[in-house]
Amino acid sequence: MGYLVTDEPARRRFEILVDDALAGFTTYEPRGEVLVFTHTEVDPRFQDQGVGSALIRATLDQIRDRGGRIVVHCPFMTAFVDRHPEYRPLTTTP
């Protein structure tokens with residue numbers, strides 16, 4: 001299973017494509033240099049396959065690579081960051 005995660009600023013979300021099919025997304029609201037993440041959704045056809053975690057990991061890696069910061073209001077992303085403390089430095093308060 002090959003996947004690609006891209007930022008889609010016009011839609012205010014990061015999307016994950018699995019074998020060229022939209023498998024999920026995580027939405028954000030830009031607040032200056034900070035992205036406020038509000039929701040993550042994975043298509044039921046791709047659930048329980050690690051797609052959500054792959055989406056969040058790639059999203060956070062891209063944000064870290066460009067020197068960005070995040071505020072997390074999405075329960076799925078919150079749980080991911082709690083399990084992966086290496087991403088905590090990206091978080092900030094609103």
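It should be noted that the structure appears before, not after, this text.
Caption draft 1: Inspection of helix α2 (residues 75–83) at higher detail. If you check which residues of α2 are buried, you get Met77, Phe80 and Val81. Looking straight down α2, one finds its buried side chains confined to an arc of 95 degrees; they lie on one side. For α2, the secondary structure elements touched by its buried residues are β3 (21–31), β4 (34–42), α1 (51–65) and β5 (69–72).

Caption draft 2: Representation of the pairing of β3 within the structure. Note that strand β2 (residues 13–18) and β3 share 6 bridges and pair antiparallel. The residue bridging Ile16 from the neighbouring strand is Gly24, located in β3. Connecting the antiparallel pair β2 and β3 is a turn made up of 2 residues, with Asp19 showing a positive phi of about 50 degrees. Between β3 and β4, which pair antiparallel in sequence order, lie 2 residues; one of them, Gly32, sits at a positive phi of approximately 65 degrees.

Caption draft 3: Spatial organisation of the nonpolar core. Phe14, Ile16, Phe37, Val51, Leu60, Ile70 and Met77 are the most contacted members of the largest nonpolar core, which totals 24 residues. When residues of this core are traced back to their parent elements, those giving at least two are β2, β3, β4, α1 and α2. Leave out the neighbours within four places in its chain, and Leu60 touches Ile70, Met77, Phe80, Val81, Tyr87 and Leu90.

Quick notes on the rules
Residues numbered from 1 in each chain as written. Predicted model: local features only at pLDDT ≥ 70, side-chain atom pairs only at ≥ 80, totals over all residues. Heavy atoms only, no water. Buried < 20%, exposed > 50% of the residue type's maximum accessible area, 1.4 Å probe, protein only. Helix = DSSP H or I, 4+ residues; strand = E, 2+ residues; numbered from the N terminus. Arc of directions from axis to C-beta. Contact = heavy atoms within 4.5 Å. Pairing = 2+ DSSP bridges. Core = buried A, V, L, I, M, F, W, Y, C linked by side-chain atoms within 4.5 Å.

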